[in-house]
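Structural characterization, general
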Amino acid sequence: MEEKVAKVTSWLKKLFGDQPVPLYEVNARTVDVLHELAECNESRDGDVRLLIEDTKQKAAEYESDGLFLQELLMESLNLSPSSLSKASTSYLNNLVDIAVALETKDTSLASFIPAINDLTSDLYGAQSKNKQLELELSTLRRKLTSALVLEKRLQEDLVKTEDLLFVERAKTDSRRQYMKFLIEKSEDIKCQIKSTEEQLSASGLDASLTHDSLVTLSEKLADLKKQAVPLKKKLESYLDLTPNPSLARVKIEEAKRELEALEAEFSRKLDMTALSVTLPTKRAFV
């Protein structure tokens, strides 16, 4: 731990130089991280130094080769850079620029041809990739067009839906108001019915003359009529009998009188009900 702290402190002083080292919390985690960064930095600095030394060595070699070739040209052909024409110097500079651009080790055809072949292969690859990208771009354009058309259609549908929703809301509000009116009207009618019933009760109306009672009596009368149908048929069969016809006529007359009494009673109660309903109504109008 102490060795790591010492190494980290030395590295930070070297890194910041004359500037003060920023304060940091000294703990195991911080020291480990800074120690790892220091080792990475030192390793990178070592690689950079090796690269610089290699570059310097290659520069020295190239300079030595250049001087050798220069001396060789002077000895064999009596040529020097100062003796070359402007065009020749331009050609040599172009060859050098091409070699630098192609990253070849020299300006010979053995170096230029593989470099040019590599560039040609890269060019074909780039063209193929460009065509593929163009196809993908065309596909994306078609999809974008479809998406824009769909978006426009959805916007139109949204506008139509909002219009329909506005109309439906108006209808709903109208129906709600009409329903409220019906409820209020129903409550008013209930109050009127209750008031009318109280008026009828105050006027001394018999409960047996109310609508419900009359409906019940009407149902009973209908049942009696249904019961009287087989009795009438039975009486008709008795009328055809020859023995003791006077007794049969007496029974028939009794049944007729009973039926007429029931009908008269029902008519009387019905008339009284109509009269009692008419009188309060007239009073209300007065």
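Use the structure listed above.
Keep in mind it's a predicted model, so treat the numbers as computed, not measured.

With 5 residues, the main nonpolar core is built from Val8, Trp11, Leu12, Leu34 and Ala38. Those elements giving two or more residues to this core turn out to be α1 (2–16) and α2 (28–76). Sort the elements by how many residues they give to this core and α1 lands first, with 3 residues. Contacts of Val8, omitting those with residues within four sequence positions, involve Tyr24, Val31, Leu34 and His35.

Turning our attention to a nonpolar patch on the surface. The grouping of Tyr178, Met179, Phe181, Leu182 and Ile183 at the surface amounts to a nonpolar patch, some 520 Å² of accessible area in total. Among the structural elements, Tyr178 can be located in helix α4 (residues 109–202).

Here Asn41 is to be found in helix α2. According to the relative accessible area criterion, Asn41 is buried, its value standing at 11%. Leaving out residues up to four positions away in the same chain, Asn41 has contacts with Trp11 and Leu15.

Where side chains of opposite charge bring their charged atoms close, a pairing between them can arise. For the structure shown, the criterion picks out 2 salt bridges. Residues Lys58 and Asp54 are paired through a salt bridge, measuring 3.6 Å at the closest nitrogen-oxygen approach. Here Lys58 pairs with Asp54, and both are found in helix α2, just 4 residues apart, close to one helical turn. On the accessibility criterion, Asp54 (32% relative accessible area) is partly exposed.

Parameters and conventions
- Residues numbered from 1 in each chain as written.
- Predicted model: local features only at pLDDT ≥ 70, side-chain atom pairs only at ≥ 80, totals over all residues.
- Heavy atoms only, no water.
- Core = buried A, V, L, I, M, F, W, Y, C linked by side-chain atoms within 4.5 Å.
- Buried < 20%, exposed > 50% of the residue type's maximum accessible area, 1.4 Å probe, protein only.
- Helix = DSSP H or I, 4+ residues; strand = E, 2+ residues; numbered from the N terminus.
- Contact = heavy atoms within 4.5 Å.
- Patch = residues over 30% accessible without salt bridge, like charges linked within 9 Å, V, L, I, M, F, W, Y side chains within 5 Å.
- Areas by Shrake-Rupley, 256 points an atom, 1.4 Å probe, with all protein chains shown as cover.
- Salt bridge = Lys/Arg side-chain N within 4 Å of Asp/Glu carboxyl O.

None of this, on its own, says anything about what the molecule does.
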